[in-house]
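Next come the chains, spelled out residue by residue.
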Amino acid sequence: MSFYPLLNQMAKNMNSETVLRAQDIYKSYHKDRIEVPVLRGVDFEVTAGLVTALVGRSGSGKSTLMHLLATLDQPDRGEIHFQGERIDDAPRSRRDRYRNHDIGIIFQFYHLLPELSAIENVLAPTMIGKSAWNFFRHRKEAKRRAEAMLDRVGLLHRAAHKPAEMSGGEMQRAAIARALMTDPTLLLADEPTGNLDTETGLEILKLLTELNQDDGLTILMITHDNSIAESADRCHRMQDGQLQQGMPELLIA
Ligand SMILES: Nc1ncnc2c1ncn2[C@@H]1O[C@H](COP(=O)(O)OP(=O)(O)O)[C@@H](O)[C@H]1O
Ligand SMILES: [Mg+2]
């Protein structure tokens, strides 16, 4: 934790580089030939070095937006730019690299592979996209980094445990360590505390806050929980398919 929270906050406000920008995003789903509009002209941006919260009721379209930002799905209209580069309609190979290297993603239900131990789960993204030979050559280095990431999230003592042998908080720590493996520019977190009891949720929030303050990690945190959103530097509230924006204390009544 920083000893100089005020200086830290000032430094944060001075750095205003935009990491991710969504412009006029529209997205509908189609169910039984009925169009269900979910996002209706969403505009927003994520600033480097900050924790930005996206808050809204269940069903308001937060995960839909996060899927678009992660290029897991495409908007019907609008554009998404990562560090000034349009990413939503980039070639598949570029979108794969964006997902595997530029951003890290964590989810409410962790999405760990049940057959693998914590450290194997953390190593999994490093194996993707590498030939067996290439992975073999770099395995020692990768393993050292995986151990360092597990240590960073306070889970090194559970490295050999499988998900079924871990608590919810431990599984989320493993998922965070996995997301950090490629040293992402931006961490997208969809309801990172949504499946945890209040106390464990606060521990995960503290870890994410430390990753931001100590390591400068830029975080977009999606949550339906106002008290979680309150801890962010910036807040966007999803309402009627659009976003209202401002400081958390102004948006969260
Ligand atoms: N694949 C889908 N097909 C049809 N409707 C969907 C699909 N995914 C989400 N929806 C609908 O879109 C709306 C927004 O969902 P979602 O983005 O998951 O909201 P949130 O994450 O804020 O809870 C909901 O009404 C949901 O039922
Ligand atoms: Mg959701």
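Presented here is an overview of the structure given in this document.

Quick notes on the rules
- Residues numbered from 1 in each chain as written.
- Chains lettered and ligands numbered in written order.
- Predicted model: local features only at pLDDT ≥ 70, side-chain atom pairs only at ≥ 80, totals over all residues.
- Pairing = 2+ DSSP bridges.
- Helix = DSSP H or I, 4+ residues; strand = E, 2+ residues; numbered from the N terminus.
- Buried ≥ 20, exposed ≤ 12 C-beta atoms within 10 Å, placed from the backbone.
- Core = buried A, V, L, I, M, F, W, Y, C linked by C-beta atoms within 7 Å.
- Contact = placed C-beta atoms within 7 Å.
- Near = placed C-beta within 6 Å.
- Nonpolar A, V, L, I, M, F, W, Y, C, P; charged D, E, K, R; others polar.
- Expected span 1.5 Å × (residues − 1).
- Arc of directions from axis to C-beta.

1. Quick notes on the sheet that holds strand β4 (residues 77-82)
- If you trace the four strands from one edge of the open sheet to the other, you get β2-β1-β4-β5, paired in antiparallel fashion. Single-partner strands in this sheet number two, and they are β2 (34-47) and β5 (85-86).

2. As for unusual backbone geometry
- At Glu 191, a residue that is not glycine, the phi angle is positive and equals roughly 50°.
- Structurally, Glu 191 is set in the loop between β7 (186-190) and α8 (198-215).
- A count of 22 C-beta atoms within 10 Å places Glu 191 in the buried class.

3. Let's talk about the nonpolar core
- Within the largest apolar cluster, 64 residues are counted, with the highest numbers of intra-cluster contacts made by Val 122 and Leu 188.
- Ranked by residues supplied to this core, first place goes to helix α7 (residues 168-180) with seven residues.
- Not counting residues up to four positions away in its chain, the partners in contact with Leu 188 are Met 66, Leu 69, Ala 70, Ile 103, Ile 105 and Leu 220.

4. Remarks on the site of ligand 1
- Around ligand 1, the neighbouring residues are Tyr 29, Lys 31, Val 36, Val 38, Gly 56, Ser 58, Gly 59, Ser 60, Gly 61, Lys 62, Ser 63 and Thr 64.
- Counting only elements with at least two residues in the shell around ligand 1, the list comes to β1 (18-31), β2 and α2 (62-69).
- Here the element with the most residues in the shell around ligand 1 is α2; it accounts for three residues.
- Classifying every residue of the shell around ligand 1 gives three nonpolar, seven polar and two charged.

5. Notes on α8
- Between its first and last C-alpha, α8 extends 25 Å over 18 residues, near the 26 Å set by a 1.5 Å rise per residue.
- Residues Gly 201, Ile 204, Leu 205, Leu 208, Leu 211 and Asn 212 constitute the buried set of α8. End-on, the buried residues of α8 take up no more than an arc of 115°, which puts them together on one face. Turned more than 90 degrees away from the buried face of α8, the exposed residues are Glu 199, Lys 206 and Asp 214.
- Buried positions along α8 lie against β3 (51-55), α7, β7, β8 (218-223) and α9 (226-229).
- Immediately downstream of α8, the backbone of Gly 216 shows phi near 70°, a positive value.

6. A look at the environment of Phe 82
- Looking at the element boundaries, Phe 82 is found in strand β4.
- What makes Phe 82 buried here is the crowd of 22 C-beta atoms within 10 Å.
- On a C-alpha basis, the gap between Phe 82 and Leu 205 in space is 25 Å, while along the polypeptide they are 123 residues apart.
- Setting aside residues up to four positions removed in sequence, Phe 82 forms contacts with Leu 20, Ile 87, Tyr 98 and Asp 102.

7. Considering helix α3 (residues 92-102)
- Every buried residue belonging to α3 is among Tyr 98, Arg 99 and Asp 102, and all of these are buried. Looking down the long axis of α3, one finds its buried residues gathered within 120° of arc, a one-sided arrangement. Opposite the buried face of α3, by more than 90 degrees, sit the exposed residues Arg 92 and Ser 93.
- Along its buried surface, α3 packs onto β4 and β6 (103-106).

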